[in-house]
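Observations on chain architecture
Listed here are the chains, written in short residue letters.
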Amino acid sequence: MQTPLVFRAILGLLMDLAIPAALGAFVMAGMRLRSEGGMNFEASGGFLKWLFWGCLLISLPGVSLWLSNEGVPGASQLTIAGATGAPYTQGVERVTNDFVNNFLLAHLVPVVAASLVFKAILDLSQGYSPLASIIAALFLLGVQGIYNLATGSWMQSGDQYGVTDMLMQAFGYAANRISPIVGGLALSGAIVNYVRHRPWGGLVASGLGFLSVTGIWALVTHFAGVNL
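Residues numbered from 1 in each chain as written. Predicted model: local features only at pLDDT ≥ 70, side-chain atom pairs only at ≥ 80, totals over all residues. Heavy atoms only, no water.

On to the overall build of the protein chain, then. The secondary structure content of the protein chain amounts to 11 helices and zero strands. What you see in the protein chain, going N to C, is helices and strands ordered as α-α-α-α-α-α-α-α-α-α-α. By the burial criterion, 31% of the 228 residues in the protein chain qualify as buried. The contacts of the protein chain with a sequence gap of at least 6 include a subset with a gap of at least 24, amounting to 66%. Total accessible area computed for the protein chain in this model is approximately 13700 Å², and 69% of it derives from carbon and sulfur atoms. (Helix = DSSP H or I, 4+ residues; strand = E, 2+ residues; numbered from the N terminus. Buried < 20%, exposed > 50% of the residue type's maximum accessible area, 1.4 Å probe, protein only. Contact = heavy atoms within 4.5 Å. Areas by Shrake-Rupley, 256 points an atom, 1.4 Å probe, with all protein chains shown as cover.)

Printed below as a string of structure tokens:
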């Protein structure tokens, strides 16, 4: 039985809106990163939730294709709808893409990032740590780059494993690229605190921990018998 055109049009519209929705989810993750304290975010907080939804929306076409290949009823129509739509839905798709790319990413995100940098300066002047605002601002300014990484080197498979594939690659990127930088900054802060006769032991421990994230994770997976 052929699915009515109106349902295929709605499905096609939703599938086409998955990419701009993923970019919006990454922007919301950056917003939540600041409210959760920068680097010290909760495991069940909004940052990881929005990051997960962004990865899920990007890999949604691959999931629908996998369901279609497995013979799930109606999944083939979802796959076809992602490639074909009705002319009366193209206007909504165009407006949404224009809003996400030209308004959200090109204009709103830089303003929010600049306000976070300004807030970091105010926090520093009041004796608070500016790291939370600075890290959130850097994340927001790099949303487009994060999306390019997610759709490029992170998503190595376009099937049902696309979401976990991206999350694993993102963790590898954070462990191998970002953690050494954070570890170096922590050790530099420990040296500054040592010169100023302020507590420095915690920064040294944090720096060494960040520098050895990959080794610690390898030990944990080895002891747990998990092959990743």
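So, about the pattern of salt bridges. Enumeration over the complete set of coordinates arrives at one salt bridge. One salt bridge in this structure joins lysine 119 and aspartate 123, with 3.2 Å as the shortest N-O distance. Separated by four residues within a single helix, lysine 119 and aspartate 123 lie in helix 6 (residues 90–125), roughly one turn from each other. On the basis of relative accessibility, which here comes to 33%, the residue lysine 119 falls in the partly exposed class. (Salt bridge = Lys/Arg side-chain N within 4 Å of Asp/Glu carboxyl O.)

On to unusual backbone geometry. Even without being glycine, histidine 197 reaches a positive phi, approximately 60°. Along the chain, histidine 197 turns up in the loop between helix 9 (162–195) and helix 10 (201–211).

You can see asparagine 193 is positioned in helix 9. Asparagine 193 sits in the buried class, given a relative accessible area of 16%. Contact partners of asparagine 193, with chain neighbours within four places excluded, come to Arg198, Pro199, Trp200 and Leu203.

According to UniProt, the positions carrying the feature "transmembrane region" (unreviewed entry) are residues 6–29, 50–68, 103–122, 131–150, 170–195 and 202–224. Regarding residues 131–150, the helix share stands at 95% and the strand share at 0%, and the terminal C-alpha atoms are separated by 25 Å. Between the C-alpha atoms that bound residues 202–224 there is a distance of 28 Å. The span itself is 96% helix and 0% strand. (UniProt positions renumbered as here; feature names shortened; annotations may be inferred.)

On to the packing of helix 9 against helix 11 (residues 213–224). In contact at an axis separation of 9 Å, helix 9 and helix 11 are set at 140° when each is read in the N-to-C sense. Here Phe171, Ala175, Asn176 and Ser179 of helix 9 lie close against helix 11, whose contacting residues are Val213, Thr214 and Trp217. (Axes fitted to C-alpha atoms, helices over the stretch in contact; angles between N-to-C directions.)

With that out of the way, let us pick up the packing of aromatic side chains. All told, the structure shown has three aromatic pairs when counted by the stated rule. Considering the side-chain rings of phenylalanine 52 and tryptophan 53, the 5.9 Å spacing of their centres and the 70° angle between planes classify their relative orientation as edge-to-face. Residues phenylalanine 99 and phenylalanine 103 carry aromatic rings whose centres are separated by 5.2 Å and whose planes lie at 25° to one another, so their mutual orientation is stacked. You can see phenylalanine 99 and its partner phenylalanine 103 sitting in helix 6, four residues apart, about one turn around the helix. Looking at phenylalanine 99, the relative accessible area reads 44%, which means it is partly exposed. (Phe/Tyr/Trp six-rings, centres within 6.5 Å; stacked < 30°, edge-to-face > 60°.)

A few words on the confidence of the model for the protein chain. Chain-level pLDDT for the protein chain is 75 on average; 75% of the residues reach the 70-or-more range. Across the protein chain, the secondary-structure element scoring lowest on mean pLDDT is helix 5 (residues 75–83), at 52, and the one scoring highest is helix 10, at 87. (pLDDT = per-residue confidence, 0-100.)

Next up on the list: the side chain of serine 133. Within the secondary structure layout, serine 133 lies in helix 7 (residues 131–141). Residue classification places serine 133 among the buried positions, given a relative accessible area of 1%. Ignoring anything within four residues of it in the chain, the contact list for serine 133 reads Arg34, Leu116, Lys119, Ala120 and Asp123.

Time to look at the nonpolar core. Among the nonpolar cores identified, the biggest contains 29 residues, and Val27, Ile58 and Phe139 are the most heavily contacted of them. Breaking this core down by element, the ones donating at least two residues are helix 2 (18–35), helix 3 (46–58), helix 6, helix 7, helix 8 (143–154) and helix 9. Element by element, the count of residues in this core is highest for helix 6, at seven residues. Beyond its immediate sequence surroundings of up to four residues, valine 27 is in contact with Leu104, Leu105, Val109, Leu140 and Val143. (Core = buried A, V, L, I, M, F, W, Y, C linked by side-chain atoms within 4.5 Å.)

Together, Met28, Met31, Trp50, Phe52, Trp53 and Leu167 give the surface a local cluster of nonpolar side chains, amounting to about 520 Å² of exposed area. Looking at the element boundaries, tryptophan 53 is found in helix 3. (Patch = residues over 30% accessible without salt bridge, like charges linked within 9 Å, V, L, I, M, F, W, Y side chains within 5 Å.)

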